[in-house]
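Structural characterization, general
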Amino acid sequence: MSRKSATMPELDEISWQIIEQLQEDGRRSYGAIAKVVGLSEAAVRQRVQRMTETGVMKIVAVADPMRVGGRRQAMVGVKVSGTLEPVAAALSEMPESVYVVVCAGTYDILCEVVCEDDAHLVEVLSTRIRSIPGVASTDTFVYLELRKESYQWRAQG
């Protein structure tokens, strides 16, 4: 897991406005963004390039798993005995895992998985996740209905 650098770039109001425009539509043109934020197209392009190169933001396509073959989604809470990093690394390498986070609280790691169906989920849980050395126990939260999924947020501060 990477740690944030002490020299994290400061974002001004215009940079946040650019991010918000791209959160609404990652394909929005630099020209359209420029009109909203009051900069030239070239200046917007430079800011976007700088923010992507420094890792401040990523521009990606997000597929809906339920429309492309993933019929079963679940969050798996994992309790670990021993060192967390090897377990987190093993979970991260599984093709079914789409989100892995080391956390505090009841679980040491949360791992979101997308599977083809219930049988596939059982296989992932039984033969792969629970067989990772250091996994003490798991709890699985099967998604019944997704009510909100948002990539539009802004740091307060």
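Note that the structure is predicted; figures quoted are calculated from it, not measured.

Let us now look at a nonpolar patch on the surface. Among the surface-exposed residues, V60, V62 and Y151 lie close enough to one another that they form a single nonpolar patch of about 310 Å² accessible area. On the secondary structure map, Y151 appears in the segment after β4 (135-142).

A few words on the pattern of salt bridges. Close approach of charged atoms lets side chains of opposite charge pair. A full pass over the atoms with the stated rule returns seven salt bridges. Residues D12 and R47 are paired through a salt bridge, measuring 2.8 Å at the closest nitrogen-oxygen approach. In this pair, D12 sits in the segment before α1 (13-24) while R47 sits in helix α3 (residues 41-53), placing the two residues 35 residues apart along the sequence. Given a relative accessible area of 34%, D12 falls into the partly exposed group. A salt bridge links R128 to E123; the nearest nitrogen and oxygen atoms lie 3.2 Å apart. A residue is classified by how much of its surface remains accessible, and E123, at 32% relative accessible area, is partly exposed. One continuous salt-bridge network, built from bridges that share partners, spans E96, E123 and R128.

Moving on: the pairing of strand β1 (residues 72-80). Of all the nine residues making up β1, eight are buried; the element is thus mostly covered by neighbouring parts of the structure. Summarising the sheet, β1 and β4 pair through seven bridges and their orientation is antiparallel. Within β4, the position partnered with K79 by the bridge is S137.

Let us now look at the packing of helix α2 (residues 30-37) against α3. Where α2 contacts α3, the two axes come as close as 8 Å, and the packing angle between them is 105 degrees. With respect to each other, α2 and α3 are oriented roughly perpendicular. Residues Y30, G31, I33, A34 and V37 of α2 touch α3, and the partners they reach there are E41, V44, R45 and V48. For the contact of α2 with α3, the class distribution of residues is six nonpolar, one polar and two charged.

This part is about α2. Within α2, burial applies to I33, A34 and V37. Taken end-on, α2 shows its buried residues confined to a sector of 105 degrees, consistent with a single buried face. The secondary structure elements touched by the buried residues of α2 are α1 and α3. Remark: G38 follows α2 within two positions and exhibits a positive phi of approximately 80 degrees.

What counts, and where the lines are drawn
- Within each chain, residues carry numbers counting from 1 in the order of the written sequence.
- Given that the model is predicted, a residue must reach a pLDDT of at least 70 before its local features are reported, and side-chain atom pairs must reach 80 or more before they are shown or counted; all residues, however, enter totals for whole chains, interfaces and linings.
- Think of the side-chain values as coming from all heavy atoms in the structure, minus any hydrogens and water.
- Put simply, a patch holds well-exposed residues, over 30% relative accessible area, that have no salt bridge, with like charges counted together within 9 Å and Val, Leu, Ile, Met, Phe, Trp or Tyr side chains within 5 Å.
- The Shrake-Rupley method, run with a 1.4 Å probe sphere, supplies the accessible areas, and residue values consider only the shown protein chains as cover.
- By salt bridge we mean one thing: a side-chain nitrogen of Lys or Arg within 4 Å of a carboxyl oxygen of Asp or Glu.
- Only DSSP runs of H or I reaching four residues or more are called helices, and only runs of E reaching two or more are called strands; each is numbered from the N terminus.
- Whether a residue is buried, partly exposed or exposed follows from its accessible area with a 1.4 Å probe, protein chains only, as a fraction of its type maximum: under 20%, in between, or over 50%, in that order.
- Pairing between two strands is assigned when DSSP locates at least 2 bridges connecting them.
- Note on definitions: angles span 0 to 180 degrees between N-to-C directions of axes, and those axes are lines fitted to C-alpha atoms, for helices only across the stretch in contact.
- When an angle is under 35 degrees it counts as roughly parallel; over 145 it counts as roughly antiparallel; between 65 and 115 it counts as roughly perpendicular; any other value is oblique.
- Contacts are residue-level and defined by heavy atoms, with any inter-residue pair within 4.5 Å sufficient.
- All residues other than Ala, Val, Leu, Ile, Met, Phe, Trp, Tyr, Cys, Pro, Asp, Glu, Lys and Arg, Gly among them, are scored as polar; the first ten of these are nonpolar and the last four charged.
- Starting at the helix axis, one direction is taken to each C-beta atom, and the arc is that of these directions.

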